[in-house]
Amino acid sequence: MKSESSFFVKSVYLILVIILIAFFINRTVYLNFQSEEDKESLKFYKSSYETVGVLLSSKCIGYNENANIRNEQIKVSTYKILDKSKLDFFSSNFKGFKIPCDNKTEYGIRVKVETFGYNINSEKYGNTKETIQSVVQPEQWEFGINDFSEGDAFSKLITVTSPVIVFYDRDKQVPGKITVEVVSGEMEKLSGFIDSSCSSLGQSKTEMYLHYPTYVERINNKNFICMDFITGKKCQNLVCEKEIEFSKIESKGYYFFESNSQINKVKIKS
């Protein structure tokens with residue numbers, strides 16, 4: 001009886017030890033997974049705000065003014081003042097396309113700038129009475145990518161909104177707001193990899209999971225990366241103007257990509 005009781009106790013202890021080990025292994029794996037997820041999220045949000053900073057700077061749509069201080073020309077860049085002429089140019093040339101000053105090509109960017117309309121009436125009293133009226137109609141500019149990854153290919157989205165001033169000229173500066181959408185997904189990541197590879201000669205590598213049929217297509221003399229989602233085909237333009245060799249991916253799975261960028265051609269092998 002004693003030996004049977006001892007065997008039973010040891011068996012219970014062994015089962016408890018196994019359960020505890022399994023618990024701690026699962027907990028460790030979960031924490032590591034959670035940590036990796038947190039790192040990716042932090043990277044995405046940090047990169048998104050950096051992208052908005054570049055967008056608002058004078059390198060992109062921000063207004064740039066030179067100041068004369070002690071006979072020296074010094075550039076004065078105000079991040080919250082946008083240049084109306086630049087907004088006109090971007091909305092005319094990059095509606096539905098990548099923004100050239102976007103320094104984070106692995107994400108998709110869409111921008112909307114709106115000014116607030118107002119009507120001001122003022123009266124000057126004295127020997128003469130003069131009424132001054134100023135009417136400003138609201139305006140709107142939109143540019144950047146229209147089609148983003150969706151379904152299982154979509155990863156993250158952040159929308160950043162900030163008050164701005166739109167500079168028309170010295171006598172006209174109108175308050176408004178800017179809304180920037182930054183999207184992370186499979187189509188954006190692959191698009192960024194191809195453009196990054198195209199910008200320099202040599203080899204580059206990356207790996208990613210793709211959920212939908214993916215291919216490169218030539219549309220109106222521009223290169224596009226396209227995906228066949230459940231809702232239909234969506235495409236994003238590529239900045240790369242070289243000939244691109246890319247074999248269509250038919251089925252979902254984990255893929256390793258290797259690019260070889262030449263003077264007039266980019267070869268992408270998976």
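A short tour of the structure in this document, coming up. Since the model is a prediction, treat every value here as computed from it, not as a measurement.

**Some details on the sheet that holds strand 11 (residues 222-229)**
If you walk across this open sheet you meet the 3 strands as 10-11-12, and the pairing is antiparallel. In this open sheet, the two strands that pair with only one neighbour each are strand 10 (214-219) and strand 12 (232-237). Here the strands of the sheet are splayed against their neighbours by 35° on average, with no regard to which way each runs. As paired strands, strand 11 and strand 12 are joined by 6 bridges and run antiparallel to one another. Its bridge partner being in strand 12, F224 is matched across the sheet by N237. Here helix 3 (residues 186-198) sits on the sheet and contacts strand 10, strand 11 and strand 12; the angle it forms with strand 11, its principal contact strand, is near 155°.

**Describing the packing of aromatic side chains**
The tally for this structure, following the rule as stated, stands at 12 aromatic pairs. Ring geometry for F44 and Y107: centres 5.2 Å apart, planes at 75°, overall edge-to-face. Separated by 63 residues along the polypeptide, F44 in helix 1 (residues 2-56) and Y107 in the loop between helix 2 (84-93) and strand 3 (108-115) bring together distant segments of the chain. Across the pair, exposure class does not vary: F44 and Y107 are buried alike. Residues Y212 and F229 carry aromatic rings whose centres are separated by 5.1 Å and whose planes lie at 65° to one another, so their mutual orientation is edge-to-face. Here the residue Y212 occupies a position in the loop between strand 9 (202-210) and strand 10, and F229 occupies one in strand 11, the gap between them amounting to 17 residues. The pair formed by Y212 and F229 is uniform in burial state, with each residue classed as buried. Counting every residue linked through ring pairs, the aromatic cluster contains F89, F90, F94 and F143. Positioned above the aromatic ring of Y168 is the side chain of K172, whose terminal nitrogen or guanidinium carbon lies 4.3 Å from the ring centre.

What counts and what doesn't
Residues numbered from 1 in each chain as written. Predicted model: local features only at pLDDT ≥ 70, side-chain atom pairs only at ≥ 80, totals over all residues. Heavy atoms only, no water. Pairing = 2+ DSSP bridges. Helix = DSSP H or I, 4+ residues; strand = E, 2+ residues; numbered from the N terminus. Axes fitted to C-alpha atoms, helices over the stretch in contact; angles between N-to-C directions. Contact = heavy atoms within 4.5 Å. Phe/Tyr/Trp six-rings, centres within 6.5 Å; stacked < 30°, edge-to-face > 60°. Buried < 20%, exposed > 50% of the residue type's maximum accessible area, 1.4 Å probe, protein only. Lys NZ or Arg CZ within 6 Å of the ring centre and 35° of its normal.

Any functional reading would require information that these geometric values do not contain.
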